[in-house]
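# Observations on chain architecture
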Amino acid sequence: MVYAGLIMLLVGFLALFKGFVEKKWFLKLAFWTLFLPFIATSFGWIMAEVGRQPFIVYGLLKVKDAASPNIQPSDVWFSLLSMGILYAILIVVEVGLMIKYANKIPEESNVQPEVA
């Protein structure tokens, strides 16, 4: 997550300079950084959830004591599948919106650019 955040900050900082925005390689790099927030959030969540298990194993709390007797395996599968389906729907919608607005031709504007 930290590396993804630093890359996004670096690309944003470089975008402030006019020379970088006009270069083709920078535009390609900027496009691919659009996906970094989603990747960073997902992997951060996975690391947080995986990181919980060692604390149970290393003697603070046994796994058998941490497991809830009231939750059935079908409840876990339902939760896992529903979250997976929800994430898949959100990915399709997000990518669809990105493609839609990336291909949209901007309307002509009456605003004149300021001359420095």
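Residues numbered from 1 in each chain as written. Predicted model: local features only at pLDDT ≥ 70, side-chain atom pairs only at ≥ 80, totals over all residues. Heavy atoms only, no water.

So, on to the overall build of the chain. Counting secondary structure elements, the chain contains six helices and zero strands. Expressed as a percentage of its 116 residues, the buried residues of the chain come to 8%. Of the roughly 10,700 Å² that the chain leaves accessible, carbon and sulfur atoms contribute 72%. (Helix = DSSP H or I, 4+ residues; strand = E, 2+ residues; numbered from the N terminus. Buried < 20%, exposed > 50% of the residue type's maximum accessible area, 1.4 Å probe, protein only. Areas by Shrake-Rupley, 256 points an atom, 1.4 Å probe, with all protein chains shown as cover.)

On to the layout of surface pockets. The space that makes up the largest pocket amounts to roughly 750 Å³. For the largest pocket, the lining is made up of 21 residues, of which S42, W45, M83, G84 and Y87 are closest to its centre. Sorting the residues of the lining of the largest pocket by element identifies α4 (36-60) and α6 (73-103) as the ones contributing at least two each. Taken domain by domain, the makeup of the lining of the largest pocket includes at least three residues from each of domain 1 (1-67) and domain 2 (68-109). (1 Å grid on protein atoms, 1.4 Å probe; cavity = no way out; pocket = protein on both sides within 12 Å on 5 of 7 lines; lining within 4 Å. Points joined across faces, edges and corners; volume = space filled by probe spheres on them. Domains from an automatic or database assignment.)

Before going further, it helps to spend a moment on the side chain of T33. You can see T33 is positioned in the loop between α3 (24-32) and α4. Owing to a relative accessible area of 11%, T33 belongs among the buried residues under this scheme. Among the polar contacts made by the side chain of T33, one reaches the main-chain carbonyl oxygen of A30 at a distance of 2.6 Å. Aside from chain neighbours lying at most four places away, what touches T33 is I7, M8 and V11. (Polar contact = N/O pair within 3.5 Å; in protein donor to acceptor, adjacent residues only side chain to side chain. Contact = heavy atoms within 4.5 Å.)

Right, let's talk about the packing of aromatic side chains for a bit. For the coordinates displayed, the defined rule picks out seven aromatic pairs. Centroid distance W25 to F26: 6.1 Å. Interplanar angle 90 degrees. Geometry classified as edge-to-face. On the accessibility criterion, F26 (3% relative accessible area) is buried. With 5.7 Å between their ring centres and 85 degrees between their planes, F31 and F35 make a pair best called edge-to-face. Taken together through their ring pairs, the aromatic side chains of F20, W25 and F26 make up a single cluster. (Phe/Tyr/Trp six-rings, centres within 6.5 Å; stacked < 30°, edge-to-face > 60°.)

By themselves, these observations are geometric and do not establish any function.
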